[in-house]
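Chain by chain, the residues run as shown.
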Amino acid sequence: MASQAFHARTGSLVTLSNGNRTAQRNHPTQEFNNGMVVSRDPLRDNELFQVIIDKKVNSWSGSIEIGVTTQDPSLMEFPTSATGLREGAWIMSGCSILRDGRSTLDEYGFDLDQLNQGDRIGLQRTSAGDLHIYINGIDQGCAAKSLPSVVFAVIDMYGKCAQVSIVNQDQRAFILPIENGVEEEIESCQHSSSNEVLRFHERCGSLIKLSNNNRTAERRRPLDEFNNGVVMTNRPLRDNELFEIRIDKLVDKWSGSIEMGITTYNPAVIDFPATMTNMRSGTIMMSGCGILTNGKGTRREYGEFNLDELTEGDYIGLMRKSNSTLHYYINGLDQGVASSRTPPTVYGVVDLYGMTVKATITDRDTLSPVYERLERRSTPYLECNGEDADEILFHSNCGAHAMVINSGRTALRPHALDDFNNGVILTNRPLKNNEMFEVRLDEMVDKWAGSIEIGVTTHSSRDLEFPSTMTNIRSGTWMMTGNGIMHNGTTVIDDYGQNLDRLGVGDRVGVMRKEDGSLHFYVNGVDQGAGAYNVPETLFAVIDLYGQAARASIVNSRDSLATIDNNPDSARNCFPRNSSNSSNTAESNDLRFHHLHGANAMITNNGYTACRPNATGEFNDAIVMSNRPLHTDELFEVVIEKMVDRWSGSIEAGVTAIRPEDLDFPNTMTDIDYNTWMLSGSAVMQDGTTIKNGYSLDLDTLTANSRIGMIRMSDGTLHYHVDGNDMGVACTDVPDGVFAVIDLYGQCSQVRILPSTGPDNHAMANGNVSLSERTPHSVSSGVLHKFHQFCGKNITIKNNSCTACRIRSFNHGITFSSRPLKSGELFEVKVEQVSKQWSGSIQIGLTTFLPSELLPINSLPAAALEFPSKVTWLMQGSEIKENGITLKENYGTTLDRLEVGNHVGVRRCADDTMHIVINGDDKGIAATGIPKGVYAVVDLYGTTECVSITSSAVELPYSSRPPSIASDLSDEITEEVNGTLESVPCDPICIEFQENHGKNIQLRNGNLTACRTASYNQGVVVSSKPLPKCHLFQVSIDKINSRWTSSLQIGILGISPEKLNFPPTASSIKKSSWVIQNDSVFHNGVKVEENIGPNLDSLQIGHTVGIKIDEDNCLHIYINGVDQGIVAKNIPSVCFAVVDLYGQCEQVTIVNDDGSMAASLPVEEREKHDIEDGKKESICSTPAPSEGSVVRNCEYQNRCLRFKAMIGLPDGYFDTDPKVNACYCETCHKMRGDEAYYKRGQPAKDYAVPFGWCRLALRIAPRSHLLNVFKEWHTAYHGTKVGHIRRILDKGQLVITDNTVMLTGSSTTNLQSGFHDNRTNKNCDQNQVCLSPTVRYAGHELFAHPYKYKDPKTRTWHAAKVAFQVCIKPGSYKCGPPSIEVNEPIDPLFSNSEIEWSTKEAGATVLQALLIKID
């Protein structure tokens, strides 16, 4: 069978290589189309034609398209995109199937726009004439039928897709060793008669030491010398031969790092220079992020990586192609053409410069990176290290700091006290469905933060380039880290399950892929729920021995699997295999969300939580339903946990008689036209039609922490509840057996089910004691209390923080309430599990100790009676004790006799007394003089191993993050951090920098000034104290060095900095951090938001930058004392300021709120080497932007953007780069320093800047660029109605029609302007488009009609006007007087006699921007 290949005729921007099996789109960041390729031969029946995505760019929307065509590629005319094919073409674009450009299937298969680099996509024409699409080997079903017998495969590298390669199914070269392959490019590498392996030449730089058979080079005296480290290959490079090295060792003392390239000099005769960039002939080097030819910079910005930022374990390679082009490869990724003309005979050269000390040549000297990536994805994993193929073991290939012992059953980090990462280990074979991979922690160290991470990956140990931590992998990887889930390096679930960082020696953690494609994680055998869905089948398990985790061993997988299969508790956490079971669950089952839901929804927390993960990118398709029908008079209630301030509309709630299995989930539930009752806003809707307006509850007004519930009464009426209050009858005649429905629409992004109340929930398990007899705060009256996340080391908190279990030993079981108790509030627990092997029992009471996740876990004593300094009142047995001293004997029934099902609680009463309540019986005063702000403390000691909370909060519970101090507490309440008490006033306080800081930092001026003494990083400093709320923490920039790029970073840190091991930059801190870098926000090392407004890289000497946490736990950033707005929400109550003196910023000083300095600042010295090499390092620097480029996050602009979103204008009309938008409000205008008028066009003509308006740039058609309209045409403005915007945008220009444009004429009242002109303008034709060079005239309310609306965020009324900024062709218009009567000049620069421009020439205007003004 002949091999598959692309046809030689392609789209105009396509280049073919690799025997026409690889196609790439030229200039992928500048052009998005003309990237179509077609198969060389027609498809055979049942033949799979498959490609792999080699490269993607993020410049565009849309991605790869695939399909078939009946046209012969030798004769066809290639359109700009595959969807333009006609005369018999079937194309899949996104998730739609188009035939000859028209959609035949709107929802088919996986969305192609979501595919990542390394994913495979293929198609097949069956012998029956059906078209099937395959994604990563999975058949997406029939896409089309009755295809002709002769069709060609079509691939369109559109938008983000920049390069693809064919994955040949008929060649063994992809699955056999290299020597058996027949790949053309590999054979081309063998044209040289020499088979000598690449090594370093024995002649080298004066400080180089060679080892490993001359394949490893190391620079001697790396702390004393930074150069003389040049090494070259032992022979010239062959065409298409990959020369690649791995960085083995770095030091932090110097600036600059490894450099690599080619040279025509023979290493046997060359006089080796100190650094290879000194060579002035025959040499091409990559240094930093630039290319130097003969010592001079020829490309300032090349590729996607900076060599100075690579770390140990990274790979750098180069290849001279047969067409004389030079390519570099970073970690296997082709960086493109570095030089187009290279000599035929060149040697590889490496300069171990600056930070780089040691490097080794890899074995991949003849394997193309493209083929290697193909082999990774296509080759079944065949090796099992010689062990039984059925037994799962660790693979011997592992991270640089890891080691596998004990016949592959144990992995360890031998030097765990010296390093904290590079401990990644994978399994020797993929996991089977429903197979548990579980490891036990054998050894831990206390030096580092973080601990073991576990997950799965599509990569195998044989082809993975092991990263420093597995969460750095950007493809095919799912990891549980801490208590969150990360997919391809991005956090997808923040609060998933038990926190892995709190595990100890002996704890077990596991992972399993279920048959339904869901991924589950296990902690000590307990299923934490589904962490991901639709994961591929072939997955290797992976653990990362990170931080504290030093050694782990595999637990027998067969035993683990049997345990899970036979455990009814774990079975409840799995999705039912028979979908009908989910709708007919026994009535006693808890209410949860059904596993079937809308496309953009996700169910977590064992079915209790529903969220819309991409809440800022999608606003609908997130319907969730209850897992069973509601009982009569049963309340289904949820609490809104998260909202986003982006969309209009919010949560919608109701009931439906449609079973989840029978529902084809729509975009929004109000689209259903049968058996459905919904509340949307304040409108009650039945079957998609409004039956009642103005219901007493408006869902769009709810905020985070609001509770919304619905209940079908026995009389068939549907009632809604908000925060426990019945809002009355919404509708009648609702049938029995309806399912609850929640639509996570618009602003609402996450809800959690609260414990249901109904006829089955009014009695407790203990005896016949009713709930009302036990406590006035019943479950139905509020939300359950929660346990604090800070607890004893033997405690696990689960079930949404409502259950605490002691997992080992008899002590270290202290738990706390999640927040201080209020007066009269009962905190009560039920005993769930006891063990008679121990003596003693549960202890309960109150404490002045303030739990905080900032405190180390070992700061808690083994028992609650042992609190050293904080006053604690406890009931132990039948005694009441204060700090271990007995206050009362025989107080009440002894706690040592409590059994499973018994209840015990504690209450602080208004008279400052403590009461203990046992099984609903208040035992009276236990202690007096109890201060306000105390926490409940429960010690799971001795026989008591597990308890769950049964009491409810008086008000809505706090979030799970460390609680803030309640506003009604006494002023004496203070927070305990790091063993010292710090008060939290709102007045300014003196804060210094912490003594623990980055290695290049020196503190001065009483720790108020920080300066970076070397390099460009390792400059992180942290405040010495936590930031009080409302306190503005500011620093002033004292010194800037323009030789570097980027600048200061600032943010907050939610963990104690005293023992923190600081990374090179603040933005890479992985735990509890929010850092602003440039104009982006990083959370735990991952970028979560861009274009926030101010660009910190633009700050200059004397500028101040600061942060403040407001009362709502929102983080604000300040520039020069001006609040730039909120950049992050849900910030921990206790956090420290963090500042990174990165890049250009070399010195800062803490300043007061008024901007005053603490002291004058001396000028520090710089490292001699940094000065000497200044010219070389400045290759990658860019001039600092001007001061005027610091733009605030303008609320007026945000208001205009909300208006634009509210009126529903498609984003496709607007430029995707927000930087081209501009706000011309008074503040933004002053900060930019705009002129009032500018000139444009040929000949040049004035136009006025639209002060008071917000400019939203439109997407410009290519025709406009060809006509050079932005330089040669004039600029003008055109006012219009809000209702006419869409019609103008659809046409793409101001068209001459009565309904869409402003007209001129005699005594005319028209639809656009709505005014009556009493003058007679004989010079004006009917149907002329009218414009003006000033928006003062074009924006007049007679042209731009005010549109009244209600702001969706502030709920206030405003009047909006709109206009267009347009380019108008010179000579196509006439200037004349205004069409309205005016008695004074409209604009001081323009005469009233020429204020109005008119044209009737079609195509004379080009839309440039939409202008919005809000009064």
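Described in the following lines is the structure provided in the data block. (Residues numbered from 1 in each chain as written. Predicted model: local features only at pLDDT ≥ 70, side-chain atom pairs only at ≥ 80, totals over all residues. Heavy atoms only, no water.)

## Digging into the side chain of Asn488
At step 1: Residue placement: Asn488 occurs in the loop between β34 (484-487) and β35 (490-493).
At step 2: With residues near it in sequence (within four places) discarded, Asn488 still touches Asn116, Ile473, Arg474, Ser475, Gly476 and Thr477. (Helix = DSSP H or I, 4+ residues; strand = E, 2+ residues; numbered from the N terminus. Contact = heavy atoms within 4.5 Å.)

## Digging into the sheet that holds strand β87 (residues 1329-1331)
At step 1: One open sheet accounts for three strands, arranged β87-β91-β90; its pairing is antiparallel. One side of each edge strand has no neighbouring strand; the edge strands of this open sheet are β87 and β90 (1374-1376). Taking each pair of neighbouring strands and ignoring which way they run, the sheet shows an average axis angle of 30°.
At step 2: Bridge analysis of β90 against strand β91 (residues 1396-1399) gives three bridges, and the strand direction is antiparallel. Paired with Lys1374 across the bridge in β91 is Ser1398. (Pairing = 2+ DSSP bridges. Axes fitted to C-alpha atoms, helices over the stretch in contact; angles between N-to-C directions.)

## Overview of the packing of aromatic side chains
At step 1: Inspection of the entire model under this criterion finds 27 aromatic pairs.
At step 2: Ring geometry for Phe593 and Phe636: centres 6.3 Å apart, planes at 75°, overall edge-to-face. Placement of Phe593 in the loop between α5 (579-583) and β41 (602-604) and of Phe636 in strand β44 (residues 635-643) is noted, with a sequence separation of 43 residues between them.
At step 3: A relative accessible area of 5% places Phe593 in the buried class.
At step 4: Their ring planes at 25° and their centres at 6.3 Å tell us that Phe790 and Phe849 sit as a pair that is stacked. Of this pair, Phe790 sits in the loop between α6 (771-774) and β54 (795-798) while Phe849 sits in the loop between β58 (843-847) and β59 (872-876), and the two are 59 residues apart along the sequence. By the burial criterion, Phe790 is buried, and Phe849 matches it.
At step 5: Connected via pairs of aromatic rings, a cluster forms that spans Phe32, Trp60 and Tyr158.
At step 6: Cation over ring: Lys1070 sits above Tyr546, and NZ or CZ is 4.4 Å from the ring centre. (Phe/Tyr/Trp six-rings, centres within 6.5 Å; stacked < 30°, edge-to-face > 60°. Buried < 20%, exposed > 50% of the residue type's maximum accessible area, 1.4 Å probe, protein only. Lys NZ or Arg CZ within 6 Å of the ring centre and 35° of its normal.)

## Notes on the pattern of salt bridges
At step 1: Summed over the entire model, instances satisfying the criterion amount to 40 salt bridges.
At step 2: Its salt-bridge partner being Arg707, residue Glu637 comes within 3.2 Å of it at the nearest N-O pair. Separated by 70 residues along the polypeptide, Glu637 in strand β44 and Arg707 in strand β49 (residues 707-712) bring together distant segments of the chain. There is no split in this pair, since Glu637 and Arg707 are both buried.
At step 3: A salt bridge links Lys1204 to Asp1211; its shortest N-O distance comes to 3.1 Å. (Salt bridge = Lys/Arg side-chain N within 4 Å of Asp/Glu carboxyl O.)

## Some remarks on the side chain of Thr847
At step 1: Tracing the backbone shows Thr847 in strand β58.
At step 2: Side-chain polar atoms of Thr847 contact the backbone nitrogen of Phe849, separated by 3.0 Å.
At step 3: Not counting the four nearest positions on each side in its chain, Thr847 is found in contact with Phe816, Lys870, Val871, Thr872, Val934, Tyr935 and Val937. (Polar contact = N/O pair within 3.5 Å; in protein donor to acceptor, adjacent residues only side chain to side chain.)

## Description of the environment of Val456
At step 1: Relative to the helices and strands, Val456 is located in strand β32 (residues 453-457).
At step 2: The spacing of Val456 and Met479 is 23 residues in sequence and 6.5 Å in space, taken between C-alpha atoms.
At step 3: Excluding residues that lie within four positions of it along the chain, Val456 makes contacts with Leu431, Gly476, Thr477, Trp478, Met479, Val511, Leu519, Leu539, Phe540, Ala541 and Val542.

## Details of the pairing of strand β72 (residues 1033-1040)
At step 1: By the criterion of burial, β72 is predominantly enclosed, with seven of the eight residues buried.
At step 2: The pairing of β72 with strand β81 (residues 1145-1151) spans six bridges and is classified as antiparallel. Directly across from Ile1040, in β81, lies its bridge partner Cys1145.

## Comments concerning helix α9 (residues 1195-1206)
At step 1: Helix length check: α9, at twelve residues, gives a terminal C-alpha distance of 16 Å against a target of 16 Å (1.5 Å per residue), a fit within 8%.
At step 2: Along α9, the positions that sit buried rather than exposed are Tyr1196, Gln1197, Cys1200, Arg1202, Phe1203 and Lys1204.
At step 3: Close packing links the buried residues of α9 with β82 (1222-1223), β85 (1254-1257), β88 (1347-1350), β89 (1357-1368) and β92 (1405-1414).
At step 4: Looking at the residues trailing α9, positive phi occurs at Gly1208, about 75°. (Expected span 1.5 Å × (residues − 1).)

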